[in-house]
Every structure is written in C-alpha cells, then in structure tokens.
Amino acid sequence: MSQTDDQNEIPGFLYQWDRDQALTQDRCFLCGADLAGGRTDEHVFPQWLLRRCDLWNEKITLLNGTLMPYKQMKIPCCSTCNNEHLSRIEQAVGDAFAEGPEAVAALDATTLFLWMGKIYYGLMFRELSLLADRRDPQGGSIVSPEFLTTFRMHHLLLQAARGAVRWQKDQHPASVFVFQAQEPTDPRHCFDYVDIINFPFFAIRVGATAVVAVLQDWGALAQAVTVPAFEAARQLVLHPQQFHEVAALAAYMTTLFNRVPKHLLYAGENHVDVMTLPLQGMSTKFVFDPFDVGDYAQVLSHVTGQPLEELYDGRNIVTLLRDGDNQPWAVPWPADERQYPDIRLMQR
Ligand SMILES: [Zn+2]
C-alpha cells in the first residue's frame, strides 16, 4: 500500500500511467495496447446516437474552430476494449436512453460515468491527432500529448470499463444529474452537448433525457451543496435552452471545486482499488470557492452563445429556470423554438 496522488505511480504492474496512457494513434486509447496487430475504431459519439439523432452528416465544431462530421469522430481502439468492454456499456446506455430519463437515472452509476467519461476523453483524444492549424504542419496538434497527460487520473478511472480499476461502493468519482428534456421535432435538434476543456465535465441531451456530470468531484456537487436552480430543473421538462443553463451552471460550479482529491491506490491481483480520502480532509475551507456572478455570466454566455451584455447587467443575471417568484419556470416557447427568448424582458 502506498499513499499517492496524481504525480505518483501506481504500485504493481496492472496499470501504469506512463506505459498505458496512449498519446499516439497507433495504440488503444483505453488500454494502451499496440495496434500493429489490428485496429478498430471506436466512435466518440456512439453509432446508436448518430442514428437516432440523424447526425451522420452533421458536423461538430472542434476546439480550433474546424468543422468535422460526427461520423469521422473516431479514435483508435483494440478489438477487446471496443467489442467487449465498451460495447457492453453502449448496449446498456443506448437501451436506457431509448426508454427515457427514468431508465437513464436507474442505470448503474459506474456504467453512466464510464459512458460520459469516455466521450469526454475521446473528444480530446481525437483532437490530439489533428493539427491546430492545418496550414502549419509543424505547429502541433489541437490537444498536445502533454495536456492529455494532465487527465491521467481520469484515464485511470476509465480503466473500470475493462475491470482493471474499482472504487469503493460508497464512493463514486462523479456528481451526475439526470433531467427530463423536451424533444424538438427535428431529430438533429434532439441532441446537444457541453464540455469544458480544463476539468472533466460533460453534459449531454439526447431525446427526452439530459445528463449533466461533474466527472471527478467525488460527489461533492451532488452531496455537499444545494443548488436551487438544479432543484427547479428537476421539476421541469427542460427546454433546450434550459439544458444549456443547467449545464453552464454545473460547468461553472466545477471550476469552483477547490480540492485535488487524494487517493489511496491498492494493487490487487487483477485490478487496482481506488480509495478516496475525505474531501474535507484536515481543512475547514469549504470544498467550493464562493460563487461569482460575473464569472458565471461568462460561462453562461459561452455555453448559450448569447452576448454577455444580454445576459448580465453587472448585477442581475438572466435565468430561464425560475420565474419571478423563484418557482420552476416552464418556458412557454416550444422546444423547436431554439432562439434564445428576448431576455431583456426577463431580467430579474
Ligand atoms: Zn484496448
């Protein structure tokens, strides 16, 4: 046994960061296996999702502003990880999304974490192979290998997909929130996602279900604080723009999380056990920094694509989640109406 943090190696030989986190395209993104003997492609966004939401020819905007078809969002994977471990997860999650929010909320927490976490990591891994500036082949990739190594703890946790890592039953890496969502008529509008680059966070809306996940706060957002806007959101069937707001709020809260969780890693015979030390630790400091409305306004503006000055007047910030009496607000516009409402009328 040894106490360790993100900088240290895991005892044993089962999984080693330096050895097993692939930073090149010739290895499995998950287990790090050399793919010279055979490579399969793992879709970052699963095929069932691309089919259901008619996304094959739709394009995703990458970090450098390039547009790429969803069908080309694929990452190198060995056939065992792809066809056994990850397809088992896709099956369970795809079935649950077909049923709706209750079924998604009832999914095994680890399964849902791994599904969200794989998409989040996969997006970055895909960008690792793309030039930041296509006119400058020497200029490096959108995401650098060094940057990807800062997500080594996340990569370690993803190893749970292949049974190589486990954590204790009463400890879970993520705070996950499942909401009901309105379904626009056009299937392509029944899909949306929000991620942030510097901390594992991912939110996705598929059909009637929206899921927001802080992937590595070890439950702090779900357990340590009450966020009134989330409470309101739980009582609503979220309009697409309300989904944006919930995602922006959770993404911003993620950046306020002020702990680097410490873990004890035990190497077992066929897996590594992760035990997380209490977040509060010896410090009396609260696990979240104080909420700053101005900072949050910038995140909200980024996620919604609305100009900052239309959302925030320096004092008040727009919300679509609660009405003037602080009650959950059922946005009267249909989900097809994707325009942001005229919020100058709604400042509160
Ligand atoms: Zn593999």
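Residues numbered from 1 in each chain as written. Predicted model: local features only at pLDDT ≥ 70, side-chain atom pairs only at ≥ 80, totals over all residues. Heavy atoms only, no water.

An unreviewed UniProt entry annotates the chain as HNH endonuclease of Streptomyces hiroshimensis.

Right, let's get into the coordination of the zinc ion. Six octahedral donors around a metal ideally subtend angles of 90 or 180 degrees, whereas four tetrahedral donors ideally subtend 109.5 degrees. Here the zinc ion is held by Cys28 (SG), Cys31 (SG), Cys78 (SG) and Cys81 (SG), and the distances to it run 2.3 to 2.4 Å. Geometry at the zinc ion is tetrahedral, judged from the four donor atoms that bind it and their angles of 100 to 116° at the metal. Mapping the donors of the zinc ion onto the primary sequence gives the spacing C-x2-C-x46-C-x2-C. In this pair, Cys28 is assigned in the loop between α1 (17-20) and β2 (40-43) and Cys81 in helix α3 (residues 79-99), connecting sequence segments 53 residues apart. (Donors = N, O, S within 2.8 Å, 3.2 Å for Na, K, Ca; no water. Tetrahedral: all angles 85-135°; square planar, octahedral: opposite > 155°, others 65-115°. Helix = DSSP H or I, 4+ residues; strand = E, 2+ residues; numbered from the N terminus.)

What follows covers the packing of aromatic side chains. For the structure on display, the rule yields 22 aromatic pairs. Arranged with centres 6.5 Å apart and planes meeting at 65°, the rings of Phe179 and Phe230 form a pair that is edge-to-face. Highlighted residues: Phe179 in strand β7 (residues 175-181) and Phe230 in helix α9 (residues 228-234), separated in sequence by 51 residues. With respect to class, Phe179 is no different from Phe230; both count as buried. Three or more aromatic residues joined by ring pairs form one cluster here, namely Phe45, Tyr70, Phe191, Tyr193 and Phe202. (Phe/Tyr/Trp six-rings, centres within 6.5 Å; stacked < 30°, edge-to-face > 60°. Buried < 20%, exposed > 50% of the residue type's maximum accessible area, 1.4 Å probe, protein only.)

What follows covers the pattern of salt bridges. As a working rule, side chains carrying opposite charge can pair if their charged atoms are close by. Under the defined criterion, the tally for this structure stands at eight salt bridges. Residue Asp192 is joined to Arg205 by a salt bridge in which the shortest nitrogen-to-oxygen separation is 4.0 Å. Taken together, the positions of Asp192 in strand β8 (residues 191-196) and Arg205 in strand β9 (residues 201-206) put the pair 13 residues apart, joining distant regions of the chain. You'll find Asp192 and Arg205 in the same group, each marked buried. When salt bridges with common partners are traced through the structure, they connect Glu42, Glu90 and Lys118 into a single cluster. (Salt bridge = Lys/Arg side-chain N within 4 Å of Asp/Glu carboxyl O.)

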